[in-house]
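Chain by chain, the residues run as shown.
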Amino acid sequence: MGFAHSINGTRHVFPDLRRLMACATPFRSGDALAGVAAGSASERVAAQHALADLPLRHFLNDAVVPYEDDDVTRLIIDGHDARAFAPVAALTVGGFRDWLLAETTDAFVLAALAPGLTPEMVAAVSKIMRLQDLISVAAKVSVITRFRNTIGLPGTLSIRLQPNDPVDAPRGVAAQILDGLLLGAGDAVIGVNPATDNVDNLCRLLELLDGVRDRLDIPTQTCVLSHVTTTMLAMERGAPVDLVFQSIGGTEATNRSFGVSLGLLAEAHEAGLALGRGTIGQNLMYFETGQGSALSANAHHGVDQQTIEVRSYAVARKFSPLLVNTVVGFIGPEYLFDGKQIIRAGLEDHFCGKLLGLPMGVDVCYTNHAEADQDDMDALLTLLGTAGVTYVMGVAGADDVMLAYQSTSFHDGLYARALLGKRPAPEFEAWLDRQGLAAASGAGRMPASLLRALPGAA
Amino acid sequence: MAGDLRLWRDLRGLTQARVALGRVGTGVPTAAHLAFQADHAAARDAVWSALDVPALLEKAGAIGLTACRVASEVPDRRAYLLRPDLGRRLRPEGRATLPEAAGCVVFVVADGLCARGVQTQAMAVIAACLPSLAKAGFAVGPVVIAEQARVAIGDEIGAAMRAAATVVLIGERPGLSVTDSLGAYLTWAPRPGRTDADRNCISNIRAAGLPPLAAAAKIFWLLAAARRLNATGVMLKDEQPDCSALSASQDPVLTQETE
């Protein structure tokens, strides 16, 4: 069935839901590259009008990627909770936006609603929202997860300490961990992207990170962000795996391009649970996503990149993750060209993830071929902080020397917390206070207690 | 190493990462802030740098090879960044000028995401390959210099020249600390439609990474192995002896970025 709307005397027709959703999407380069973007500003706003008039129920009967062809669609439709959906079942997309913004729609209402929403409903409403809408609704949502500490409590902002080294050198990794701890980072996770994805190297890094955490008795979790199959091999070898990481996408074919399936993720999740390493909770999956990955894998089915991105959150929520983050500016300018596009995409992804009940973090980042700089990152970080982002990355000096991109620094985390009155996860904050780390970094000292973290130290 | 550390700044000796910058309130001190801005400026300028083609043609002549220049269908640098598909396609007028080099190894020198390292190192890598290639009976065709090009442009070039294999030497996405890194992409029996799975990649070619001489040795090793297998790609594993696993990583991130 088709959709249409007239604006300024011109009738715009959209042959199907995919086309309507794509045309309603605020402009970004990836949709232009895919050939699905609106042809004009008028066509875009006409699509937004037509989308606003669409009943939310419509999304339960009209899939953007066919049910028969795609296991993510089947997961979304088969897992839909009709009772949770009931409060908004009579609304249109436009009515849903108004409902979300109303004062009476609070954290409890939104938490109860999450299982009743599909990614496409959430993507649709985000397309007719301004940044302030995306921020004020997301700020109402509370998603709390636990492994060795409590992530996502109101008034907190957690940081992933990301100590990547170009050759996985133990002392390079350890030095960055100490630097991050001195600057209050590491409560979300101490997580390394390995330079090489083989199981020996993975086990070595896992032992290093777990050794640091254990010797310093830090109430946090560690992760080496390898492919899930490599992590499963490490678990078989008895390596200390806290979190199980995987990059995921919003279609079956995108996930295939990442070398994973829903069944494989379930298997990895079970293997992680069997280790029983969480002390106060068992949320242990860690997923990364990002707009554009489906087009990059030629697995987008003609759907706009933001809608596909939100579908990946349906995959994530199936596994009750501790952390999810969108690596928003990493993929490159052919998908998100400049600071404006990156900022909007980061706030969309955060809003959509939160509304679907995910502990949503954002890698506020850019590459050197994108039209973006530190000012854009400051803007996005500050906006996300006000939106209640669960966590952001912490990279020494904002410069990831392994992945060759810029993310938020340890200092940026301190800035956002201080400006917005946010605190680390409570267990981690108590540990930071006991160690006196803020005073030490202020004075340029290296506390002797931290040196126990270094490889070879007693 | 723990014994040497008393001050925060002592961490600097342990890593090339930007650790121990100090802090002023929650901010970065001025000197560190401006140093970062300078490195970002260098990286930005590197992305927008262009090949000096006449100089490259002259260098090719100096190592005894003829050379020609072609361009992709990309009209300008902004379009290069936005339209990777156009960067993979050859402009028709260029295709017509390509000489035949049936059965030869053809080196394609392409700007990619950063021309700087290509300008300074590509011909040195090629020159270092030539003696072993000659000894092993490989014929080497004319060098093709390709502007505003992505890796896959080598497939169309190789097919037009009827090359046995292409070696695309292309500039990698610059980081804050590295703005002169080259990638080498080897494709046996190149033709349009080849994918990443059909290629072997050597990344991080630069003096402080995998130096040009070592890169040349690896290119030769892979070409010799490709000739035996009659293929490059996932079937061809890099088992070159005496080589650190990290010197030629097949980092998917870097691979995607130039592709």
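Residues numbered from 1 in each chain as written. Chains lettered and ligands numbered in written order. Predicted model: local features only at pLDDT ≥ 70, side-chain atom pairs only at ≥ 80, totals over all residues. Heavy atoms only, no water.

A few words now on the overall build of chain A. On a plain count of helices and strands, chain A comes out with 22 helices and 14 strands. For 458 residues, the compact-globule estimate of 2.2 N^0.38 gives 23 Å, and chain A sits close to it at 22 Å. Taken over the C-alpha atoms alone, chain A extends approximately 75 × 45 × 40 Å along its principal axes. A fraction of 78% describes how many contacts in chain A between residues 6 or more apart in sequence connect residues 24 or more apart. Surface summary for chain A: the accessible area is close to 14500 Å², and the carbon and sulfur share equals 52%. Computing the positive centroid from 34 side-chain charges and the negative centroid from 50, chain A places the two 4 Å apart. (Helix = DSSP H or I, 4+ residues; strand = E, 2+ residues; numbered from the N terminus. Rg over C-alpha atoms; globule rule 2.2 N^0.38 Å. Contact = heavy atoms within 4.5 Å. Areas by Shrake-Rupley, 256 points an atom, 1.4 Å probe, with all protein chains shown as cover. Lys, Arg positive; Asp, Glu negative; His and termini not counted. Charge placed at Lys NZ, Arg CZ, Asp CG, Glu CD.)

Let us now look at the sheet that holds strand 4 (residues 165–171) of chain B. The strands that make up a sheet are held in pairs by hydrogen bonds between backbone atoms, and each pair lies either parallel or antiparallel. Residues and elements named next belong to chain B. In spatial order, the strands read 1-3-2-4-5-6; together these six strands make up an open sheet with mixed pairing. Each edge of the open sheet is held by one strand with a lone partner, namely strand 1 (67–71) and strand 6 (199–205). Going across the sheet, the axis of each strand differs from the next one's by a mean of 20°, ignoring polarity. The pairing of strand 2 (residues 105–110) with strand 3 (residues 143–147) spans three bridges and is parallel. (Pairing = 2+ DSSP bridges. Axes fitted to C-alpha atoms, helices over the stretch in contact; angles between N-to-C directions.)

What follows is about the UniProt feature "binding site: substrate" (unreviewed entry) in chain A. Residues and elements named next belong to chain A. Taking the UniProt record as the reference, the feature "binding site: substrate" (unreviewed entry) is found at Arg160, Leu161, Gln162, Asn193, Glu288 and Asp363. Taking relative accessible area as the criterion, Gln162 reaches 1% and is therefore assigned buried. Beyond its immediate stretch of four places on either side in the chain, Gln162 contacts Gln176, Gly191, Asn193, Asp363, Met393, Gly394, Val395, Asp400, Leu403 and Tyr405. Here Asp363 lies in the loop between strand 11 (360–362) and helix 18 (374–386). Aside from chain neighbours lying at most four places away, what touches Asp363 is Gln162, Asn325, Thr326, Val327, Val328, Gly329, Met393, Tyr405 and Ser407. Of note is the side chain of Asp363, whose polar atom sits 2.7 Å from the side chain of Tyr405. (UniProt positions renumbered as here; feature names shortened; annotations may be inferred. Buried < 20%, exposed > 50% of the residue type's maximum accessible area, 1.4 Å probe, protein only. Polar contact = N/O pair within 3.5 Å; in protein donor to acceptor, adjacent residues only side chain to side chain.)

Residues and elements named next belong to chain A. Where helix 4 (residues 71–78) contacts helix 16 (residues 305–317), the two axes come as close as 10 Å, and the packing angle between them is 65°. Put simply, helix 4 runs roughly perpendicular to helix 16. In the crossing of helix 4 with helix 16, the sense of the turn from one axis to the other is left-handed. Contacts between helix 4 and helix 16 pair Val72, Thr73, Leu75 and Ile76 from the former with Arg311, Ala314 and Val315 from the latter. The residue inventory of the contact of helix 4 with helix 16, partitioned by class, reads five nonpolar, one polar and one charged. (Parallel < 35°, antiparallel > 145°, perpendicular 65-115°, else oblique. Left-handed = near helix turned anticlockwise from the far one by under 90°. Nonpolar A, V, L, I, M, F, W, Y, C, P; charged D, E, K, R; others polar.)

Attention shifts here to the packing of aromatic side chains. On inspection of all chains with the given rule, the structure shows five aromatic pairs over all chains. Considering the side-chain rings of A:Phe245 and A:Tyr286, the 5.3 Å spacing of their centres and the 80° angle between planes classify their relative orientation as edge-to-face. Here A:Phe245 is found in strand 8 (residues 244–247), whereas its partner A:Tyr286 is found in strand 9 (residues 285–289), with 41 residues between them in sequence. Arranged with centres 4.9 Å apart and planes meeting at 85°, the rings of A:Phe330 and A:Tyr405 form a pair that is edge-to-face. With A:Phe330 in the loop between strand 10 (323–326) and helix 17 (339–355) and A:Tyr405 in strand 14 (residues 405–406), this residue pair connects regions lying 75 residues apart in the sequence. The ring of B:Tyr80 carries B:Arg150 above its face, with NZ or CZ at 4.3 Å from the centroid. (Phe/Tyr/Trp six-rings, centres within 6.5 Å; stacked < 30°, edge-to-face > 60°. Lys NZ or Arg CZ within 6 Å of the ring centre and 35° of its normal.)

It is worth spelling out helix 18 of chain A at this point. Compared with the 18 Å implied by 1.5 Å per residue over 13 residues, the 18 Å span of helix 18 of chain A between its first and last C-alpha is a close match. Regarding helix 18 of chain A, the residues found buried are A:Gln374, A:Asp376, A:Met377, A:Leu380, A:Leu381, A:Leu384 and A:Gly385. All buried residues of helix 18 of chain A project into a common sector of 165° when viewed along the axis, lining one side. Among the structural elements, helix 17, strand 11, strand 12 (391–394), strand 14 and helix 19 (410–420) of chain A together with helix 1 (30–47) of chain B are those in contact with the buried residues of helix 18 of chain A. One side-chain oxygen of the residue at the start of helix 18 of chain A lies 3.0 Å from the amide nitrogen of A:Asp375, identifying that residue as A:Asp373. Directly beyond the C-terminal end of helix 18 of chain A, a positive phi value near 80° is found at A:Gly388. (Expected span 1.5 Å × (residues − 1). Arc of directions from axis to C-beta.)

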